[in-house]
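Report on the structure
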Protein chains: 2
Amino acid sequence: MEKRIHHPYLVSKVMSAEQAATQIRPGMTVAMSGFTGAGYPKAVPLALAVQIEAAHALGEKFALRTLTGASTAPELDGALAKVRGIEFRLPYQSDPELRARINRGEIEYMDMHLGQVAQYTWFGFLGRLDVAIIEVAGILPDGRLIPSTSVGNNKTWLDLADKVIIEVNSVQPAGLDGMHDVYYGTALPPDREPIPLVRPGDRIGEPYLRVDPAKVIAVVETQGPDRLSRFSPPDETSIRIANHLVEFFRHEIAMGRLAQQLLPLQSGVGNIANAVLSGLRDGRFQGLTAFTEVIQDGMLDLIRTGTILTASATALSLSPEGVEEFGRNIEFYRSRIVLRPQEISNHAELVRRLGCIAINGMVEADIYGNVNSTHVAGTSIINGIGGSGDFARNGFLSCFVTPSTAKNGAISCIVPMVSHVDHTEHDVAVVVTEHGLADLRGLSPKQRARVVIDNCAHPDYRPLLHDYFERALRNSPGKHTPHLLGEALSWHERFIETGRMRP
Amino acid sequence: MEKRIHHPYLVSKVMSAEQAATQIRPGMTVAMSGFTGAGYPKAVPLALAVQIEAAHALGEKFALRTLTGASTAPELDGALAKVRGIEFRLPYQSDPELRARINRGEIEYMDMHLGQVAQYTWFGFLGRLDVAIIEVAGILPDGRLIPSTSVGNNKTWLDLADKVIIEVNSVQPAGLDGMHDVYYGTALPPDREPIPLVRPGDRIGEPYLRVDPAKVIAVVETQGPDRLSRFSPPDETSIRIANHLVEFFRHEIAMGRLAQQLLPLQSGVGNIANAVLSGLRDGRFQGLTAFTEVIQDGMLDLIRTGTILTASATALSLSPEGVEEFGRNIEFYRSRIVLRPQEISNHAELVRRLGCIAINGMVEADIYGNVNSTHVAGTSIINGIGGSGDFARNGFLSCFVTPSTAKNGAISCIVPMVSHVDHTEHDVAVVVTEHGLADLRGLSPKQRARVVIDNCAHPDYRPLLHDYFERALRNSPGKHTPHLLGEALSWHERFIETGRMRP
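Residues numbered from 1 in each chain as written. Chains lettered and ligands numbered in written order. Predicted model: local features only at pLDDT ≥ 70, side-chain atom pairs only at ≥ 80, totals over all residues. Heavy atoms only, no water.

All right, on to the overall build of chain A then. A count of helical and extended segments in chain A gives 18 helices and 25 strands. Taking 2.2 N^0.38 as the reference for a compact globule, 503 residues should give roughly 23 Å; the C-alpha atoms of chain A span a radius of gyration of 23 Å, in line with that estimate. Projected onto the principal axes, the alpha-carbon positions of chain A cover approximately 75 × 55 × 45 Å. A total of 503 residues make up chain A; the buried ones form 66% of that total. Within chain A, residue pairs in contact and separated by at least 24 positions form 73% of the contacts whose partners lie at least 6 positions apart. Of the roughly 15800 Å² of accessible surface on chain A, a fraction of 51% belongs to carbon and sulfur atoms. (Helix = DSSP H or I, 4+ residues; strand = E, 2+ residues; numbered from the N terminus. Rg over C-alpha atoms; globule rule 2.2 N^0.38 Å. Buried < 20%, exposed > 50% of the residue type's maximum accessible area, 1.4 Å probe, protein only. Contact = heavy atoms within 4.5 Å. Areas by Shrake-Rupley, 256 points an atom, 1.4 Å probe, with all protein chains shown as cover.)

Now for the environment of Leu129 of chain A. Residues and elements named next belong to chain A. Following the sequence through the fold, Leu129 ends up in the loop between α6 (117-122) and β5 (131-139). Given the relative accessible area of 2%, Leu129 is considered buried. Residues Leu129 and Thr66, spaced 63 residues apart in sequence, show a C-alpha to C-alpha distance of 9.4 Å. Not counting residues within four places of it along the chain, the set of residues in contact with Leu129 comprises Thr29, Ala31, Leu67, Thr121, Trp157, Leu160, Ala161 and Asp162.

Looking now at the interface of chain B and chain A. Taken together, the 87 residues of chain B in the interface contact 87 residues of chain A. Between chain B and chain A, the buried area comes to about 7100 Å², and carbon and sulfur atoms account for 55% of it. A salt bridge links Glu349 of chain A to Arg353 of chain B; the shortest N-O distance between them is 3.1 Å. Viewed at the interface, chain A and chain B are joined by 39 residue pairs in polar contact (both at pLDDT 80 or more). At the level of secondary structure, the elements contributing two or more residues to the side of chain B that touches chain A comprise α5 (96-103), β4 (108-109), α6 (117-122), α14 (348-354), β19 (380-381), α15 (388-394), α16 (445-456) and α18 (490-498) of chain B. Ranked by residue count, the leading element in the side of chain B that touches chain A is α14 of chain B, at five residues. Along the lines of polarity and charge, the residues of the side of chain B that touches chain A split into 32 nonpolar, 32 polar and 23 charged. (Buried area = accessible area lost by both parts, 1.4 Å probe. Salt bridge = Lys/Arg side-chain N within 4 Å of Asp/Glu carboxyl O. Polar contact = N/O pair within 3.5 Å; in protein donor to acceptor, adjacent residues only side chain to side chain. Nonpolar A, V, L, I, M, F, W, Y, C, P; charged D, E, K, R; others polar.)

With that settled, consider the pairing of strand β10 (residues 288-291) of chain B. All names here are of chain B. Side chains Leu288 and Ala290 project from β10 onto one buried face, and the interleaved Thr289 and Phe291 project onto a second face that is buried too. In the sheet, β10 pairs with strand β12 (residues 308-313) via four bridges, with the strands oriented parallel. Looking across to β12, one finds that Thr289 is bridged to Thr310. (Pairing = 2+ DSSP bridges.)

What follows covers the sheet that holds strand β17 (residues 371-372) of chain A. Residue and element names in this part refer to chain A. As summarised here, the arrangement of the three strands in space is β17-β16-β23, forming an open sheet in which the pairing is mixed. On the outer flanks of this sheet lie β17 and β23 (414-415), each paired with one strand and no other. As judged from the two bridges shared by strand β16 (residues 364-366) and β17, these two strands associate in the antiparallel manner. Note on β17: the bridge partner recorded for Glu364 is Asn372.

Following the sequence through the fold, His347 of chain B ends up in the loop between α13 (342-345) and α14. A polar contact is formed between the side chain of His347 of chain B and the side chain of Arg352 of chain A, at a distance of 3.4 Å. Excluding anything up to four places from it in sequence, His347 of chain B contacts Arg352 of chain A together with Ile195 of chain B.

Attention now moves to the UniProt feature "binding site: CoA" (unreviewed entry) in chain A. Residue and element names in this part refer to chain A. In this numbering, the UniProt entry assigns the feature "binding site: CoA" (unreviewed entry) to Asn383, Gly387 and Lys407. Sequence-wise these annotated residues cover 25 residues; spatially they are dispersed, their C-alpha atoms as much as 25.7 Å apart. Note on placement: Gly387 falls in the loop between β19 (380-381) and α15 (388-394). According to the relative accessible area criterion, Gly387 is buried, its value standing at 3%. In this structure, Gly387 is in contact with Leu114, Glu293 and Asn346, ignoring residues within four places of it in sequence. Relative to the helices and strands, Lys407 resides in the loop between β21 (405-406) and β22 (411-412). (UniProt positions renumbered as here; feature names shortened; annotations may be inferred.)

Our focus in this paragraph is the domain arrangement of chain A. Residues and elements named next belong to chain A. Along its sequence, chain A is carved into domain 1 (8-222) and domain 2 (236-498). With centres defined by C-alpha atoms, the gap from domain 1 to domain 2 works out at 29 Å. Taken together, the contact pairs 47 residues of domain 1 with 43 residues of domain 2. Approximately 3600 Å² of surface area, both sides summed, lies buried where domain 1 meets domain 2, with 59% of it carried by carbon and sulfur atoms. (Domains from an automatic or database assignment.)

Inspection of every chain in the model, using the stated rule, returns 20 aromatic pairs over all chains. For the pair Phe248 of chain A and Phe249 of chain A, a centre-to-centre distance of 6.2 Å together with 50° between the ring planes defines the contact as tilted. With relative accessibility at 6%, the residue Phe248 of chain A sits in the buried group. With a centroid separation of 5.8 Å and an interplanar angle of 35°, the aromatic rings of Tyr461 of chain A and Trp491 of chain A are classed as tilted. Residue Tyr461 of chain A is located in the loop between α16 (445-456) and α17 (462-475), and its partner Trp491 of chain A is located in helix α18 (residues 490-498); the two are separated by 30 residues in the primary sequence. Ring pairs connect the aromatic residues Tyr120, Phe123 and Phe125 of chain A together with Phe396 of chain B, which therefore count as one cluster. The lysine or arginine in question, Arg65 of chain A, covers the ring of Phe88 of chain A, its NZ or CZ lying 4.3 Å from the ring centre. For the cation-ring pair, Arg336 of chain A lies above Phe332 of chain A, with the distance from its terminal atom to the ring centre recorded as 3.8 Å. (Phe/Tyr/Trp six-rings, centres within 6.5 Å; stacked < 30°, edge-to-face > 60°. Lys NZ or Arg CZ within 6 Å of the ring centre and 35° of its normal.)

Here we take up the relation of the copies chain B and chain A. Between the two copies, chain B and chain A, the superposition gives an RMSD of 0.0 Å; the rotation angle is 180° and the shift along the axis is 0.0 Å. What the superposition gives is, in effect, a two-fold axis relating one chain to the other. Relative to the rotation axis, the closest C-alpha in chain B is found at Glu349 of chain B, a distance of 2.1 Å. When the interface residues of chain B are mapped onto chain A, 100% of them again lie at the interface, so the same face is used by both copies. (Least-squares fit on C-alpha atoms with pLDDT ≥ 70 in both.)

This brings us to the UniProt feature "domain: Acetyl-CoA hydrolase/transferase C-terminal" (unreviewed entry) in chain A. The UniProt record annotates "domain: Acetyl-CoA hydrolase/transferase C-terminal" (unreviewed entry) at residues 324-468 of chain A. What you have in residues 324-468 of chain A is 32% helix and 25% strand, and the ends, taken at the C-alpha atoms, are 52 Å apart.

Moving on, we come to the side chain of Arg101 of chain A. Residue and element names in this part refer to chain A. Looking at the secondary structure, you find Arg101 in helix α5 (residues 96-103). Overall, the relative accessible area of 13% leaves Arg101 in the buried class. Side chain to side chain, Arg101 and Glu97 meet in a polar contact 2.8 Å long. Those residues in contact with Arg101 that sit more than four places away from it in its chain are Ala81, Lys82, Arg84, Glu106 and Ile107.

With that settled, the discussion passes to the environment of Ile272 of chain A. Residues and elements named next belong to chain A. Note that Ile272 resides in helix α9 (residues 271-282). Owing to a relative accessible area of 17%, Ile272 belongs among the buried residues under this scheme. Each C-alpha atom, one on Ile272 and one on Phe396, is 21 Å from the other, the two residues being 124 residues apart in sequence. Not counting residues within four places of it along the chain, the set of residues in contact with Ile272 comprises Ser238, Ile241, Val401, Thr402 and Pro403.

To continue, consider the pattern of salt bridges. The final tally for this structure, using the stated rule, is 56 salt bridges over all chains. For Arg101 of chain A, the salt bridge is made with Glu106 of chain A, and the minimal N-O distance between the two is 3.1 Å. Ionic pairing is found between Asp162 of chain B and Arg128 of chain B, a salt bridge with its closest N-O pair at 2.7 Å. Highlighted residues: Asp162 of chain B in the loop between α7 (154-160) and β7 (163-169) and Arg128 of chain B in the loop between α6 and β5 (131-139), separated in sequence by 34 residues. Taken together, the salt bridges that share partners define one network made up of Glu97, Arg101, Arg104 and Glu106 of chain A.

Next up, the structure:
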């Protein structure tokens, strides 16, 4: 196995994951690497889970406050949640075990905009960081760190944590070296300067993470792959959603509101997002760019085929095939991909300046264009808001996509009133389902209602939505945003009681 | 009367308001100056209202799409609404006649973030502008315009409208000349560059507005004062709210999270905002700055007393006494006040960079920290979101303030679930009522609920809120954000039915 640790003092700190984990004590705040299942520590959290379980067996309390970049994997969130090792967690998560415990009320979870986590930590709003556990791809002779498949909040965690544990994962491609751009120009207000990035591919920082070796209490060698998700080929619904969006972009080009190269794309995670990207390729778009959070297979494919010239993100989250393709042509990709801290990939200043086209999935939208990205029936969290708010609020165009129904039609994803609001009526420009696209720009609430119902709702639910809207128009005390408050959330109530939204 | 129009061609376009108004035809989109009752056109809209009324009397249709900076006055929104002359209006409004008609469903109204109106117009999302009607304080020999008491969206309106009507208001202080800073460096993406502003008082543009004289179809001379609101002296409730906030700032300074000079203040309009500013003066803060939308009497007073060194805004909205004080010491104020386009005063990039402390009023907050800034019982609009979202989302600290009850206690401003969401749980850091302050930073929804109820709710409503929360904790299907959907909006329903929220 090739040597990945080249700094003598840090070589001297190499130890087992079990030894490293003993340094973490109950009640500590532990900040970890990891973003969308990429670049999270593979060994120390597992070892920690074993120690926590042992402590619990002795009747001792042992739970942590954990902060990450975004979602990680069963070896981290899953393992720690299972042994009741997490008392508080932020920001985005997607592990089933962790999610179940949050929704049973066992774990306090705070859902934050991914672009704001770093600055909130710097501001001191999230408390002190006791330990950071960061996966890297290697350590240079001068002690700087080659970042792994995600950068996430690692710069901030390394800068601010009292102590640092480094995991050096030798199965991460050595060719990642040079792909990252870590910006060290941030400051606290009032000393902030403009961030000098004007194109998605601009390099404004350094390829490496800095760490004070004196803070490093352990270096652990690992050889574990990232949580690699397979993507299903796009289904009929996703393809139809993608086609509506591609047609819309063509229309905007025809109207002179978008150039042929569009504007930097931000695309959420998952199968619909992948289908949209495929749709852009099949639509023969060229010369595109991406300024986004995650590069998944769909985007890798667009880079390979030249549809996308440059992509900026904070994480590479690929399938096993994607990892292979990436490894085979890493030189090619390194000149086209920049991985940055999520503070930069999701930064309000840059999203606004670049004019990103934001395409994000959602749980449901209401007839007035409010969007729920996070909750089932208003009370159970799914994954969190992620970066959707960073891009929807500050970008050029904010698009939200979803199939028109869920659970085989038992749930309508277009409802009278969303059960939780993550994106307000002020931040939603376009809603798309497989049935069509609602262009909400420049419309009042009542105008939006008609176009959302007619263009996006499933035909089975359309009459019910029209009926609600027309009765609200007649009987609502105020007719700016007509609602029947006693009925507005009744679809969700009925779903909870009967398993379906329809009467 | 002093001469205010020095450009020969534009002198030749001087005509009466009645003549100017005849150029506006049914169905046109008319973009007007005006922000918080300052700098709106005083004569042409009134003349237009007369002509619209006459057309209606003849059975002709005559209604306009109107865009402004923010709220205007009875002579504009009021007069046009009264004669059914507005079919669509954006963004912020506060005229009682206009509001009543919006809420009766007679006028389509779109509520937007004030910082996004200009770019959305440039993007082409709001359609074409047929005519701009802009109040100015004077016209230079070279045709450039001395802006009036508000800059608002005037730069964008003048750049983009097909035709321009200028009102030159000679009662606006001539001393306004030199106080404005109009930034001409904006561009459309992908050609945007960093905005070179790093301190609230930085001047990055020009003191004058440009207009192509060939587009000017009329110049109208006016002599009308702005809509001058009197402020009541702060009442007991406002003083208590202000004191909680001042105490919180002192605490943050003590904890090292804020410097003595705080960070640039953004403060919404109204009596509570004024009380907070008075609280800062009485709290002997010094060396403060403001990066905000409106300078009202409270802030003028802080500038006068040296508490605030520099204030940046887009409008001066003063009482008659404030106008007098301002006029008396205009040289003093001109070196301390910068008036900018609202695109810049509310710009995501700048609000984030400067790290503004955002203090905004609200209608209600729910126990989980979602805020309603705009709607009564979910359906009737009050004024609109204004710039609160621009600052709450991107600033350093987002504070929302309200008395704990309204209508003599019939309404609780802390509710189980807000009836409309303008600021999500992700964007609300601090909630303040006269009973106390809830610091929501770093808290999960359930943690937030307890502190909001205990610190902010009126004692009469506290047991009811605790009861709701505890029952939701037991019976909610998901326990991340516990809710009883059948009951979540029942307080508002009860208010509609009985005039009070309590059973």
